[in-house]
Every structure is written in C-alpha cells, then in structure tokens.
Amino acid sequence: MYIDQIQLGNRPLFLAPMEDVSDSPFRQICRRKGADIVYTEFISSEAIIRDSDIALHKMHFEEAERPFGIQIFGGREEAMEGATKVAKANNPDLIDINFGCPVYKIVKKGAGSACLKDLGMMERMAGTVVDAAGDYPVTVKTRLGWDDHTIRIGEVALMLQRIGVKALTVHARTRSQKYKGDARWEYLKKLKNTPGLEIPIIGNGDVTTPELAKKMFDETGVDGVMIGRGAIGNPWIFEHARHYLETGELLPNPTLRERLELCAEQLRLSVAHHGERYGVIIMKKHYGQYLKGVRNGKKLRAAIMEEKEMEPVLELLLNFREEEYFAVA
Ligand SMILES: Cc1cc2nc3c(=O)[nH]c(=O)nc-3n(C[C@H](O)[C@H](O)[C@H](O)COP(=O)(O)O)c2cc1C
C-alpha cells in the first residue's frame, strides 16, 4: 500500500493517534516493534498558531519514527491553514486531519467530529489544508457518521478523494456511539466497495489481537489496519500481528522480563523527551497495561505511582520478581 509516495508494504499496521499516549517515546517503541507508520496525538491548530510550547513540542519526532504523521484539529479554516504551514516546516511524512474526535468541548468549536454534521464544512476545511500542505500528503481520520441517521462515509470518502486527500482512516463507530458498543466493521466493507473509490482506506476500531487484525483485513478488504488501545502497554501487537498475517502462527506472549525491560526503556525515552518530572508522570498511563495479568503487578504499580523520579521507578521495574514481591514490599 502507498499513501501518495510513502511505501508501506502489504497490509500495513498503523499506530493510532492517542492523546497523551502516542508521544514520541511510545511511537519509537511501536516502530521498533513493527508498526509501519505512526502519528502524533491530535494537536490544536489554535495552539500551534499561537506558538504554544506544548503544541510545538507535540510535533517533535525522531528520524527513527518515519514514516510519521502530524495530526491537527480545529474549527477555523485560517487556524488550520496556519497550523498546516507550521506542521510542514517540521518535515513530517504527512499531515492528518482529525475529523473524528467526539469530545464535546472540541465539537462545540466546530472541530473533530463536528464536520460529520456539515459535510460542506468538512470539504472547505480539508481543501484549505490540502492547499496549504502543497507537496505534503494530507490524510483524514474520521468516524462512520454523526449518528446512525447520518452514515454517509462512502460519500465523504469520494469527496475527500476529489479534493486531494491521499488516504482515509475510519474508526468504525459513529460520534454518538463515542466508544460504546462494538466497532461496526461491516461499514468498512461497504465503504471499500464504493464505486470510484481509489484512495487507501485504513480500518480502525477494536483490533486488540493479531487474529483480529487479520480478521479486519480479511472481512472488510481495508488497505491498512490501525491499532490504538490494543497497543498500549503491548507494542508487541504489531510484530505479532505481522507474523500472524504472514504465517498464520501466533508468537508466544512476551515474558515478564521482556515486558519490564521494554517498559523501562519507554520510561528512559520518556524522560529524555519530556524531562524528568513530566516524563515520569506521563508514563503512568502505560504501567497498568504493561503489568496486566502479572502476579503482584498491581502492588508494583502502586509503588511506582508514588515515585517522582526515574531511577527509583527503574529499580522497582528491573528488580521486580512476581513471587518475591511480598517479601520486598
Ligand atoms: C486515550 C485515547 C486518546 C485518543 N486520542 C485521539 C487523538 O488524539 N486523535 C485521534 O484521531 N483519535 C484519538 N483517539 C481514538 C483512537 O485513535 C482510535 O480511533 C480509537 O481508540 C479506536 O481504535 P482502538 O479500538 O484500536 O483503540 C484516542 C483514543 C484513546 C483511547
């Protein structure tokens, strides 16, 4: 599969943009573990054009992350145009527009999934970004529709294709569903069968295992599969899904030692990227999943949560033994 000139191989696996999760350290780890392309979390166009340090920091990436996309959102065309120019100056591989965020405070400003209620607005906004991006490919991530009465994703895809958007990711839920109920993959299949549709479609929603990644490819015919929550604390999902897609065999789960070491590595990268204080704080979102199912893992996590510096957390992680933990605690 290609997005414009970006070669992504056969049946590529995407790391989803996730606020406060898909930061540079996590993206680096996921690329090493087989994600074929990664994105920033959504970044406010208003914050970007205000030169907010936080927004600009969110755009920062390492070369090893490529192919890499910057995702932006906003409800004003001028801000989206300005933000696209700033994003371009950071030299990502592509710029992605968020037309899917369901959160009320975003939607009420006309951003995120608000455009699903007004396709004219979506067309103008996407057109503005495509024009401002020039040679840079622009992609879009959205949902099926605003609610069950407005599922017009085939029409949306053709409109975006016409104005020059190079790929479309669809989280197979409506805005009204938020994260409730199952993702409705049947609409991805329908979308892929839309006459005249040529841009690649990336399917997203509820892929949490290698088997489900294969099932989404097989059942819907999507060109790529994007994984979000299933990768948190489990970056192995990408290499395991790749192996399963190629051989039909499941690799064994990572050992406890492998999990602790990768978690420690992500913490080191996190501190290098965000500085000690925030680097330690932001990792708190990841420990629960890295330690899921580990005997005494909750106790370890509780001890880690008390710490404000990296070294004591590394010590706790790297010296942890499931069976001995009661003794050390
Ligand atoms: C914590 C969290 C943060 C998210 N932030 C974003 C975001 O910044 N941009 C975006 O397009 N989607 C965001 N999403 C949605 C995910 O990219 C994805 O569409 C959704 O989680 C469904 O995929 P999954 O079932 O594989 O998790 C977020 C989801 C989660 C759980």
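Residues numbered from 1 in each chain as written. Predicted model: local features only at pLDDT ≥ 70, side-chain atom pairs only at ≥ 80, totals over all residues. Heavy atoms only, no water.

Identification of the protein chain as tRNA-dihydrouridine synthase from Rhodohalobacter mucosus is taken from an unreviewed UniProt entry. Recorded under Function (unreviewed entry), the UniProt text for the protein chain is reproduced unchanged: "Catalyzes the synthesis of 5,6-dihydrouridine (D), a modified base found in the D-loop of most tRNAs, via the reduction of the C5-C6 double bond in target uridines." (UniProt positions renumbered as here; feature names shortened; annotations may be inferred.)

Caption draft 1: Structural context of the pairing of strand β6 (residues 94-99). Counting buried residues in β6 gives 6 out of 6 residues, a clear majority hidden from the surface. Relative to β6, strand β5 (residues 68-73) is paired through 4 bridges, and the arrangement is parallel. Note that in β6 the partner of G69 across the bridge is L94. Of the crossover connections in this fold, the one passing from β5 over helix α4 (residues 77-89) to the parallel β6 is right-handed. Direction of pairing for β6 relative to strand β7 (residues 138-143): parallel, over a ladder of 5 bridges. Each residue of the ladder has a partner; that of F99, found in β7, is T142. (Buried < 20%, exposed > 50% of the residue type's maximum accessible area, 1.4 Å probe, protein only. Helix = DSSP H or I, 4+ residues; strand = E, 2+ residues; numbered from the N terminus. Pairing = 2+ DSSP bridges. Right-handed = clockwise from strand over helix to strand, strands pointing away.)

Caption draft 2: Structural context of the sheet that holds strand β8 (residues 167-171). Within the open sheet, the 8 strands sit side by side as β3-β10-β9-β8-β7-β6-β5-β4. Their pairing is parallel. Looking at which strands have only one partner, the edges of the open sheet turn out to be β3 (13-15) and β4 (38-44). Here the strands of the sheet are splayed against their neighbours by 25° on average, with no regard to which way each runs. On the sheet, α4 packs against β5 and β6 and is oriented at approximately 160° with respect to β5. (Axes fitted to C-alpha atoms, helices over the stretch in contact; angles between N-to-C directions. Contact = heavy atoms within 4.5 Å.)

Caption draft 3: Quick peek at the packing of helix α1 (residues 24-32) against helix α11 (residues 256-274). Between α1 and α11, whose axes approach to 8 Å, the crossing angle comes to 140°. Our classification of the angle between α1 and α11 gives oblique. For the element pair α1 and α11, the recorded crossing hand is right-handed. Side by side, α1 and α11 meet where S24, P25, F26, Q28, I29 and R32 of the first sit next to L262, E265, Q266, L269, S270, H273 and H274 of the second. Partitioned by chemical class, the residues of the contact of α1 with α11 number 5 nonpolar, 6 polar and 2 charged. (Parallel < 35°, antiparallel > 145°, perpendicular 65-115°, else oblique. Left-handed = near helix turned anticlockwise from the far one by under 90°. Nonpolar A, V, L, I, M, F, W, Y, C, P; charged D, E, K, R; others polar.)

Caption draft 4: Quick look at the pairing of β7. For β7, a buried count of 6 out of 6 residues is recorded, marking the element as mostly surrounded by other parts of the structure. What you see with β7 is no split at all: V138, V140 and T142 on one side and T139, K141 and R143 on the other are buried throughout. Alignment of β7 against β8, held across 5 bridges, turns out to be parallel. Bridging from a neighbouring strand, V140 pairs with L168 of β8. Between the parallel elements β7 and β8, the chain passes through helix α7 (residues 153-163) in a crossover that is right-handed.

Caption draft 5: Region of the structure containing the site of the ligand. The immediate surroundings of the ligand are formed by 17 residues, with P17, Q71, N204, D206 and R229 found nearest. A distance of 2.8 Å separates a nitrogen atom of the ligand from a polar atom in the backbone of E19. Coverage of the ligand by the protein amounts to 86% of the 610 Å² it exposes when considered alone. For the shell around the ligand, the residue count by class is 6 nonpolar, 6 polar and 5 charged. (Near = heavy atom within 4 Å. Polar contact = N/O pair within 3.5 Å; in protein donor to acceptor, adjacent residues only side chain to side chain. Areas by Shrake-Rupley, 256 points an atom, 1.4 Å probe, with all protein chains shown as cover.)

Caption draft 6: Main features of unusual backbone geometry. With an omega dihedral of -5°, the bond running from R66 to P67 counts as a cis peptide bond. Of note in this structure, D20 is not a glycine but carries a positive phi near 60°. Relative to the assigned elements, D20 resides in the loop between β3 and α1.

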